[in-house]
Each structure stands twice: as C-alpha cells, then as structure tokens.
Amino acid sequence: MIRRLYNWTLALADSPYALWALAFVAFLESSVFPIPPDIIMIPMILARPSRAFLIAGVALVASVTGALLGYYIGASLFDVVGKPMLEFYGKTDAAEQFNQRFQDWGAWAVLIAGVTPFPFKVITIMSGWTGLNLGVFIVSSIIARGLRFFIVAALLWKFGAPIRDFIEKRLGLMFTLFILLLLGGFYLVKYI
C-alpha cells in the first residue's frame with residue numbers, strides 16, 4: 001500500500017494537476033488538515049527536480065494563505081470551529097494561560113511550528129484567537145514556511161538521486177519515521 005501511494009504521488013508530479021493538489025493540501029494543512037504537504041511535495045520534487053523551487057514556492061504561498069484562514073478561524077470563528085479543534089487536541093483548559101504567554105512569544109511560536117512537525121494549524125488558530133499582530137503573524141509564517149519548504153527543495157534538488165534511491169530502498173522505514181514525526185508533533189500539542 002505504501003509503495004502504491006508513493007508511486008501514485010510520483011505519477012502525480014507529471015500530472016497537470018500536481019501543483020494544484022499540492023496547493024490544496026498545503027492550504028488545508030495550515031488551518032484544518034492534519035497531514036503536512038511534505039507527503040506530496042517530496043515525491044513531486046524527486047520526480048521533477050528541475051521544478052523543486054517552483055514546487056516549494058507553491059507550497060509556501062498556499063501554506064501562508066491557509067495560515068490566514070487558520071488565523072481567521074481563531075479570530076472570528078473560535079467558538080464554532082476553533083474551540084472544538086483545540087478540544088480535540090486537549091488544549092482547551094490551558095487556553096487562557098496560553099493566551100498571555102502567546103502574546104509575549106507568538107512570533108517565535110509561529111516560527112517554530114512552521115518549521116517543525118508541530119501541527120501548524122494549532123498555532124495559526126491560536127494566533128487569531130489571541131490577537132497576535134497580523135503583520136507579525138504573516139512575516140513569521142512566510143519565514144518559517146519558506147525555510148521549511150525551500151530547504152527541503154534545495155536538498156532534494158542538490159542530492160535528489162541518492163535521496164530518492166535511499167527512500168525507495170527503505171520506503172517502509174521512511175514511512176514509519178514520517179508517521180512517528182507526525183505523531184510526535186501531535187503529542188507535543190497534547191502535552192505541552
């Protein structure tokens with residue numbers, strides 16, 4: 001099953017809809033969706049290394065645009081949408097205490113969540129809910145997501161063939177590591 005998903009994603013890179021699919025996932029991941037765009041972006045770059053920076057740029061623009069949706073959810077729809085999401089992650093009780101700390105450290109929270117496996121959508125919603133300055137939020141999101149996507153793109157562009165061989169020979173291990181990182185991010189959300 002993992003091999004079929006990997007092969008499908010590589011084939012998607014040659015599809016005229018590839019960048020749209022990446023944009024859709026990157027947009028949703030920043031506001032409501034739990035799966036990071038890397039799962040599509042990395043195979044796309046491996047399949048078409050010459051488009052690495054275009055792919056990273058699409059992921060960046062879509063992710064920051066999706067982050068604005070997350071900010072809006074936190075600012076305007078918190079009771080309807082944001083609160084149930086925070087309840088899902090077990091963060092409702094700590095929300096008030098977090099509000100003050102977030103005002104002091106919000107830009108750093110956006111930067112850290114934007115480059116790590118920490119679920120970015122939690123930070124985008126919290127940024128809106130706490131009223132983090134929108135300009136600070138946007139700049140922090142651009143820097144964080146830009147670092148994340150363009151560093152991955154540059155590494156895959158430069159070392160793509162050996163990395164692709166490594167991934168394909170160890171696809172099960174790579175999938176397991178990806179899942180562990182993803183679960184680790186959710187664990188951090190729940191217990192920090």
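Within each chain, residues carry numbers counting from 1 in the order of the written sequence. This being a predicted model, a pLDDT of at least 70 is required before a residue's local features are given, and a value of 80 or more before pairs of side-chain atoms are given or counted; all residues contribute to the totals for chains, interfaces and linings. Hydrogens and water are ignored here; the side-chain numbers use all heavy atoms of the structure.

A few words on the environment of Glu29. By secondary structure assignment, the location of Glu29 is in helix H2 (residues 18–29). When accessible area is computed with a 1.4 Å probe and restricted to protein chains, residues below 20% of their type maximum are described as buried, those above 50% as exposed, and intermediate ones as partly exposed. With a relative accessible area of 4%, Glu29 lands in the buried category. It is 8.4 Å that separates the C-alpha atoms of Glu29 and Ala67, two residues lying 38 residues apart in sequence. In this structure Glu29 touches Ile35, Pro36, Pro37, Ser63, Phe120, Lys121 and Arg145, once residues within four positions along its chain are discounted. A distance of 2.3 Å separates a polar atom in the side chain of Glu29 from a polar atom in the side chain of Arg145. Put simply, DSSP H or I for four residues or longer makes a helix, DSSP E for two residues or longer makes a strand, and each gets a number counted from the N terminus. For this analysis, residues touch if any pair of their heavy atoms sits within 4.5 Å. Counting of polar contacts relies on pairs of N or O atoms within 3.5 Å, with two restrictions inside protein: one atom must be capable of donating a hydrogen and the other of accepting it, and residues adjacent in sequence are counted only when both atoms are side-chain atoms.

Locating Ser63 in the fold gives a position in helix H4 (residues 52–76). When its relative accessible area of 0% is taken as the criterion, Ser63 is described as buried. Residues Ser63 and Phe120, 57 residues apart in the sequence, show an inter-C-alpha distance of 9.6 Å. Residues within four places of Ser63 in sequence aside, it is in contact with Ala26, Phe27, Glu29, Ser30, Phe120, Arg145 and Phe149.

Before going further, it helps to examine the pattern of salt bridges. One side-chain nitrogen of Lys or Arg within 4 Å of one carboxyl oxygen of Asp or Glu is enough to make a salt bridge. All chains considered together, the criterion is met by 2 salt bridges. For the salt bridge of Arg145 with Glu29, the shortest nitrogen-to-oxygen distance reads 2.3 Å. Within this pair, whereas Arg145 is found in helix H8 (residues 134–169), its partner Glu29 is found in helix H2, the two being separated by 116 residues in sequence. Note on accessibility: Arg145 and Glu29 belong to one class, buried. The residue Asp38 makes a salt bridge to Arg148 at a minimum N-O spacing of 2.5 Å. With Asp38 in helix H3 (residues 38–47) and Arg148 in helix H8, this pair connects stretches of sequence that are 110 residues apart. Side by side, Asp38 and Arg148 carry an identical accessibility label, which is buried.

A few words on a nonpolar patch on the surface. Residues Val115, Val139, Ile143, Leu147, Ile151, Leu155 and Phe159 make up a contiguous nonpolar surface patch of about 610 Å² in total accessible area. Among the elements that make up the nonpolar patch, the one with the highest residue count is H8 (6 residues). Secondary-structure assignment places Val139 in helix H8. Patches were defined on residues exceeding 30% relative accessible area and lacking a salt bridge, with like-charge contacts within 9 Å and nonpolar side-chain contacts (Val, Leu, Ile, Met, Phe, Trp, Tyr) within 5 Å. The method behind every accessible area is Shrake-Rupley, applied with a 1.4 Å probe, and residues are considered shielded solely by the protein chains displayed.

On to the packing of H3 against H4. Between the N-to-C directions of two axes lies an angle of 0 to 180 degrees, each axis being a line fitted to C-alpha atoms and, for a helix, fitted only over the stretch in contact. One can describe the packing of H3 onto H4 by two numbers: an axis separation of 9 Å at closest approach and a directional angle of 160°. The orientation of H3 with respect to H4, classified from their angle, is roughly antiparallel. Two packed elements cross with a definite hand, and for H3 against H4 that hand is right-handed. Here Met41, Met44 and Ile45 of H3 come into contact with H4, specifically with Ala52, Ile55, Ala56 and Ala59. Partitioned by chemical class, the residues of the contact of H3 with H4 number 7 nonpolar, no polar and no charged. Roughly parallel covers angles under 35 degrees, roughly antiparallel covers those over 145, roughly perpendicular covers 65 to 115, and oblique covers all other angles. Crossing handedness is defined as follows: a turn of the near helix away from the far one that is anticlockwise and smaller than a right angle gives a left-handed crossing, while the clockwise case is right-handed. Any residue outside Ala, Val, Leu, Ile, Met, Phe, Trp, Tyr, Cys, Pro, Asp, Glu, Lys and Arg is labelled polar, Gly included; the first ten of those are nonpolar and the last four are charged.

We define the nonpolar core as a collection of buried residues of types Ala, Val, Leu, Ile, Met, Phe, Trp, Tyr and Cys that are connected through side-chain atoms lying within 4.5 Å of one another. Core analysis: the largest hydrophobic core is formed by 19 residues, its most contacted members being Leu22, Ile40, Met41, Met44, Ile45, Ile55 and Phe149. Contributions of two or more residues to this core are made by H2, H3, H4 and H8. Element by element, the count of residues in this core is highest for H4, at 6 residues. Aside from chain neighbours lying at most four places away, what touches Met44 is Ala13, Ala18, Leu19, Leu22 and Ile55.

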